[in-house]
Amino acid sequence: MASGENVAQEYVLHHLTHLTVGEGFWTVHLDTLIVSWILGIVFLGTFWLAARRATAGVPAGWQNFVEALIDFIDNLAKDTFHGARHFIAPLALTIFVWVFLWNLMDLVPVDLFPHLLNVVFGVEYLRIVPSADLNATFGLSLTVLGLILIYGVKGKGFGGYCKEFVTHPFGPWLFPANLILNVVETLAKPVSLALRLFGNLYAAELIFILIALLPIWVQFIPGGAWAIFHVLVVPLQAFIFTVLTVVYIALSYEEH
Amino acid sequence: MDINVTLIGQAGTFLVFILFTMKFVWPPIKEAMDKRREEIADGLAAAERGQREQELAQQRAEETIREARNQAAEIVDQANKRGTEIVEEAKASARAEGERIKESAQSEIEQEVNRAREKLRAQVATLSVTGAERVLRKEVDAAAHERMLDDLVSEL
């Protein structure tokens, strides 16, 4: 029984180890980067194709889908952000589709790619869900933090944005409290964004791994149920990340 | 679960992707959609305009037909009136002509009668002369007349 536990532990740990290059801070998670690059290129490539072939005539097939998505994202940005959307809307589209594809990787059977690449290329470790890697989610949310700051300055001016940091919400006499509150609030935004996405997908991945430990003839019941539940989680988390990004930027850009 | 340089790579990738989407994906599709929206709006407006114009044209056509019908009725009325007029006129002129013919025939007859009368009158003179001649020739007696003549001569 002890050996069985060991095997299970090893299996889980193996599945939670990244394919890495380098040491310490300079460690690179090759699997996260490459998988997200591939997904990004798939996204950009297919959408670019639709964009190049886009006509004002009767749309068909892929163009239809892309247009529906763009319309959806544009409305979302329009409802929340009251300003020029030539950056915000493409940003929202990028986040939504890219994160959606990341999350979608969670529905791929957990052993498929790790095993395949192990057999074919001798790759030892592989995790194909980028959103279950904190580096990926924080990479996104810290970029969003940068955009929040940039849009804050853009919307209110440098002085105005700094002033809001010390005078809002309690007035100028309590500026230390204001400053602390605002810094915490601003930092909480990217942290919550990143951790929410990471937490959901990491937990989901772990549960899929645990399900994979069950006997083969019973796996499909919890596996299927969890996958069906996941069909909901995958787009939902991508949507939440997108909406909150737009909302945060809009909050920072506009006067309260 | 360690944070490392992957984060920076991911953030950089993210920025590149956003810029790509912003430059090459979003604008052409959005443009096509906006253009289509405009075209559809234009098409609907044109359809509405066309319908209105068609209604107007129909109204105008109906009016024209009504006018034409009225005119036709008027023309028929006029024609009828003119027809009766012509018939009346023809009747009147025929009557007048008949009258005139009758008169001329009568005067001719009168002339003929007169002429015949004149002729007869002329012939009556000769006839009476001839008759007188015949009567006289039968009645003449040479001896008696000679005596008569002799008496006359003796009286001279």
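Keep in mind that what you see is a predicted model, and the values were worked out from it rather than measured. (Residues numbered from 1 in each chain as written. Chains lettered and ligands numbered in written order. Predicted model: local features only at pLDDT ≥ 70, side-chain atom pairs only at ≥ 80, totals over all residues. Heavy atoms only, no water.)

1. A short note on the overall build of chain A
For step 1, the next point in the chain: From N to C terminus, chain A includes eight helices and two strands.
For step 2, the next point in the chain: With respect to the principal axes defined by its C-alpha atoms, chain A has extents near 65 × 55 × 35 Å.
For step 3, the next point in the chain: Taking contacts inside chain A between residues at least 6 apart in sequence as the whole, the part at least 24 apart equals 71%.
For step 4, the next point in the chain: Carbon together with sulfur atoms contributes 74% to the accessible area of chain A, which is approximately 12,800 Å² in total. (Helix = DSSP H or I, 4+ residues; strand = E, 2+ residues; numbered from the N terminus. Contact = heavy atoms within 4.5 Å. Areas by Shrake-Rupley, 256 points an atom, 1.4 Å probe, with all protein chains shown as cover.)

2. Brief notes about the interface of chain B and chain A
For step 1, the next point in the chain: Chain B puts 31 residues into the contact, and the matching count from chain A is 52 residues.
For step 2, the next point in the chain: Here chain B and chain A share an interface that buries about 3,600 Å² over both sides, 75% of which is from carbon and sulfur atoms.
For step 3, the next point in the chain: Considering only the side of chain B, the residues that lose the most area to chain A are Gln10(B), Phe14(B) and Trp26(B), jointly responsible for 21% of the buried surface there.
For step 4, the next point in the chain: The tally of links from chain B across to chain A stands at three salt bridges.
For step 5, the next point in the chain: Two residues, Lys30(B) and Asp74(A), come together in a salt bridge whose shortest N-O distance is 2.7 Å.
For step 6, the next point in the chain: Applying the counting criterion to the chain B and chain A interface returns 13 residue pairs in polar contact (both at pLDDT 80 or more).
For step 7, the next point in the chain: The residue inventory of the side of chain B that touches chain A, partitioned by class, reads 19 nonpolar, six polar and six charged. (Buried area = accessible area lost by both parts, 1.4 Å probe. Salt bridge = Lys/Arg side-chain N within 4 Å of Asp/Glu carboxyl O. Polar contact = N/O pair within 3.5 Å; in protein donor to acceptor, adjacent residues only side chain to side chain. Nonpolar A, V, L, I, M, F, W, Y, C, P; charged D, E, K, R; others polar.)

3. Overview of helix H4 (residues 88-104) of chain A
For step 1, the next point in the chain: In this model H4(A) runs 24 Å from its N-terminal to its C-terminal C-alpha over 17 residues, within 8% of the 24 Å that 1.5 Å per residue would give.
For step 2, the next point in the chain: For H4(A), the buried fraction is high: 15 of the 17 residues fall into the buried class. (Expected span 1.5 Å × (residues − 1). Buried < 20%, exposed > 50% of the residue type's maximum accessible area, 1.4 Å probe, protein only.)

4. Observations regarding the nonpolar core
Nonpolar side chains in soluble globular proteins tend to be buried together.
For step 1, the next point in the chain: If you look at the biggest cluster of nonpolar residues, it comprises 73 residues, and the most contacted ones within it are Leu93(A) and Ile29(B).
For step 2, the next point in the chain: Per-element tally for this core: the top contributor is H4(A), with 12 residues. (Core = buried A, V, L, I, M, F, W, Y, C linked by side-chain atoms within 4.5 Å.)

5. A word on the side chain of Asp74(A)
For step 1, the next point in the chain: Note on placement: Asp74(A) falls in helix H3 (residues 61-80).
For step 2, the next point in the chain: On the basis of relative accessible area, Asp74(A) is assigned to the buried category, the value being 4%.
For step 3, the next point in the chain: Those residues within four positions of Asp74(A) in sequence are excluded, and the remaining contacts are Arg85(A), Ala89(A), Trp26(B) and Lys30(B).

6. Some points on the pattern of salt bridges
For step 1, the next point in the chain: Inspection of the entire model under this criterion finds 12 salt bridges over all chains.
For step 2, the next point in the chain: Of the charged contacts, one joins Glu118(B) and Arg121(B) as a salt bridge, the two residues approaching to 3.0 Å between their closest N and O atoms. With Glu118(B) and Arg121(B) both in helix H1 (residues 6-139), this residue pair falls three residues apart, about one helical turn.
For step 3, the next point in the chain: The class for Glu118(B) is partly exposed, based on a relative accessible area of 46%.
For step 4, the next point in the chain: Among the ionic contacts, a cluster of salt bridges with common partners joins Asp71(A), Asp34(B) and Arg37(B).

7. Quick look at a nonpolar patch on the surface
For step 1, the next point in the chain: A surface patch of nonpolar side chains, about 590 Å² in accessible area, is lined by Leu112(A), Phe113(A), Leu116(A), Val119(A), Val120(A) and Phe121(A).
For step 2, the next point in the chain: Position of Phe121(A) relative to the elements: it lies in helix H5 (residues 112-121). (Patch = residues over 30% accessible without salt bridge, like charges linked within 9 Å, V, L, I, M, F, W, Y side chains within 5 Å.)

8. Some words on the packing of aromatic side chains
Residue and element names in this part refer to chain A.
For step 1, the next point in the chain: Evaluation of the coordinates by the stated rule reveals 19 aromatic pairs over all chains.
For step 2, the next point in the chain: Each ring, one from tryptophan 98 and one from tryptophan 102, has its centre 4.8 Å from the other, and the planes form 55 degrees; the classification is tilted. A residue pair is termed a helical-turn pair when its members lie 3 or 4 positions apart in one helix, as tryptophan 98 and tryptophan 102 do in helix H4 at four residues. Of the two residues, tryptophan 98 and tryptophan 102, both sit in the buried class.
For step 3, the next point in the chain: What links up through ring pairs into an aromatic cluster is the set Phe43, Phe47, Trp62 and Phe65.
For step 4, the next point in the chain: Its end group placed over the ring of tryptophan 48, arginine 52 keeps NZ or CZ at 4.9 Å from the ring centre. (Phe/Tyr/Trp six-rings, centres within 6.5 Å; stacked < 30°, edge-to-face > 60°. Lys NZ or Arg CZ within 6 Å of the ring centre and 35° of its normal.)

9. Remarks on the packing of H4(A) against H1(B)
For step 1, the next point in the chain: Relative orientation of the contacting elements H4(A) and H1(B) amounts to 120 degrees, with a least axis distance of 9 Å. In terms of orientation, H4(A) lies oblique with respect to H1(B). Remark: the crossing between H4(A) and H1(B) carries right-handed chirality. Contacts from Ala89(A), Pro90(A), Leu91(A), Leu93(A), Thr94(A), Ile95(A), Trp98(A) and Trp102(A) in H4(A) reach Gln10(B), Thr13(B), Phe14(B), Phe17(B), Ile18(B), Thr21(B), Met22(B), Val25(B) and Trp26(B) in H1(B).
For step 2, the next point in the chain: Each residue belonging to the contact of H4(A) with H1(B) can be placed in one class, and the counts come to 13 nonpolar, four polar and no charged. (Axes fitted to C-alpha atoms, helices over the stretch in contact; angles between N-to-C directions. Parallel < 35°, antiparallel > 145°, perpendicular 65-115°, else oblique. Left-handed = near helix turned anticlockwise from the far one by under 90°.)

10. So, the packing of H4(A) against helix H6 (residues 134-167) of chain A
Residues and elements named next belong to chain A.
For step 1, the next point in the chain: In the contact formed by H4 and H6, the axes pass within 12 Å of each other and the chain directions differ by 170 degrees. Viewed along their axes, H4 and H6 adopt a mutual orientation that is roughly antiparallel. On H6, the residues touching Ile88, Leu91, Ile95, Trp98, Val99 and Trp102 of H4 are Ala136, Thr137, Leu140, Val144, Leu147 and Tyr151.
For step 2, the next point in the chain: Taken together, the residues of the contact of H4 with H6 break down into 11 nonpolar, one polar and no charged.

11. Some words on a negative patch on the surface
Residues and elements named next belong to chain B.
For step 1, the next point in the chain: A surface patch of like charges, here negative, comprises Glu146, Asp150, Asp151 and Glu155.
For step 2, the next point in the chain: Take glutamate 146: it is sitting in helix H2 (residues 142-155).
For step 3, the next point in the chain: Glutamate 146 sits in the partly exposed class, given a relative accessible area of 48%. (Lys, Arg positive; Asp, Glu negative; His and termini not counted. Charge placed at Lys NZ, Arg CZ, Asp CG, Glu CD.)

12. Quick look at H1(B)
For step 1, the next point in the chain: Look at H1(B): 190 Å from first C-alpha to last across 134 residues, which is about the 200 Å you get at 1.5 Å a residue.
For step 2, the next point in the chain: The largest bend along H1(B) reaches roughly 40 degrees and is located at Thr21(B). (Bend = angle between axes of the 7 residues up to and from the residue.)

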